[in-house]
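# Chains, contacts and geometry: an overview
So you can see what is in the structure, the chains are spelled out below.
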Amino acid sequence: MAVTTGTTWDVILSARPVAPEPGSTDLSVRATYQEVLYERAVLVDLREDSERRRGVVHPDLAAVPVRPQELVTWLVNDPPARPVVLLSEDGDLARHASETLAELGLARPRYAVGGFRAWLQAGLPARTARLRV
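My aim in this report is to walk through the structure given alongside it, one point at a time. All values reported here derive from a predicted model rather than from experimental measurement.

What counts, and where the lines are drawn
Residues numbered from 1 in each chain as written. Predicted model: local features only at pLDDT ≥ 70, side-chain atom pairs only at ≥ 80, totals over all residues. Heavy atoms only, no water. Helix = DSSP H or I, 4+ residues; strand = E, 2+ residues; numbered from the N terminus. Buried < 20%, exposed > 50% of the residue type's maximum accessible area, 1.4 Å probe, protein only. Contact = heavy atoms within 4.5 Å. Areas by Shrake-Rupley, 256 points an atom, 1.4 Å probe, with all protein chains shown as cover. Salt bridge = Lys/Arg side-chain N within 4 Å of Asp/Glu carboxyl O. Phe/Tyr/Trp six-rings, centres within 6.5 Å; stacked < 30°, edge-to-face > 60°. Lys NZ or Arg CZ within 6 Å of the ring centre and 35° of its normal. Pairing = 2+ DSSP bridges.

### Side note on the overall build of the protein chain
Scanning the protein chain from N- to C-terminus turns up six helices and seven strands. Ordered by position from the N terminus, the helices and strands of the protein chain form the series α-β-α-β-α-β-β-α-β-α-β-α-β. Split into buried and exposed, the 133 residues of the protein chain put 31% on the buried side. Considering only intrachain contacts with a sequence separation of at least 6, the fraction spanning at least 24 residues in the protein chain is 69%. Accessible surface, the protein chain as shown: approximately 9,100 Å² in total, 54% of it carbon and sulfur.

Encoded structure:
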């Protein structure tokens, strides 16, 4: 059994994050949470209003609701100063939008793998609608 000292944890905790592979646009929901929590990225919620009524990312985290059909206009007319991470209900719409924008050369957003469902499954902060019994 090895005995560790505080210096071992200092090395682990101060390690630089691994840079994503070039061309990679996916980001785990936990990594997305960290990026948004520490204001290194803007979370763009692409879900429909009906989906947002069932639950949203916790209001303390800045999530910008944008309709998918308005995403390009939003990115062009109101470009955020930080990188963008797209969020959809199951991650598919966000993945498709991220890949399409990258192909067109308009933006280089990333997307949260698994979407809002994965966010909830991971136990990340959210406000969900209370079900009436």
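### A word on the pattern of salt bridges
Within this structure, the stated rule accounts for eight salt bridges. In this structure, R95 engages E99 in a salt bridge whose closest nitrogen and oxygen atoms are separated by 3.3 Å. In this pair, R95 and E99 are both assigned in helix 5 (residues 92-104), four residues apart and thus about one turn of the helix distant. The class for R95 is partly exposed, based on a relative accessible area of 32%. Bridged by salt links that share partners, the residues D45, R47, D49, R52, R67, E89 and R117 form one connected network.

### Examining the packing of aromatic side chains
For the structure on display, the rule yields one aromatic pair. Seen from their ring centres, Y33 and W119 are 6.0 Å apart, and the 80° between their planes marks the pair as edge-to-face. Placement of Y33 in helix 2 (residues 29-37) and of W119 in helix 6 (residues 115-121) is noted, with a sequence separation of 86 residues between them. Both residues of the pair, Y33 and W119, count as buried. Stacked on the ring of F116, the Lys or Arg R47 has its end atom at 4.0 Å from the ring centre.

### Brief notes about the pairing of strand 5 (residues 84-87)
Side chains on a regular strand alternate between the two faces of the sheet. What you see with strand 5 is no split at all: V84 and L86 on one side and V85 and L87 on the other are buried throughout. By the bridge criterion, four bridges tie strand 2 (residues 42-45) to strand 5 in an arrangement that is parallel. When the sheet's bridge partners are listed, L43 is paired in strand 5 with V85. Pairing geometry for strand 5 and strand 6 (residues 110-112), over two bridges, is parallel. Within strand 6, the residue paired with L86 across the bridge is Y111.

### Examining the side chain of T25
For T25, the location among the structural elements is in the loop between helix 1 (6-13) and strand 1 (26-27). What makes T25 buried here is its relative accessible area of 9%. Those residues within four positions of T25 in sequence are excluded, and the remaining contacts are S98, E99, R108, P109, R110 and Y111.

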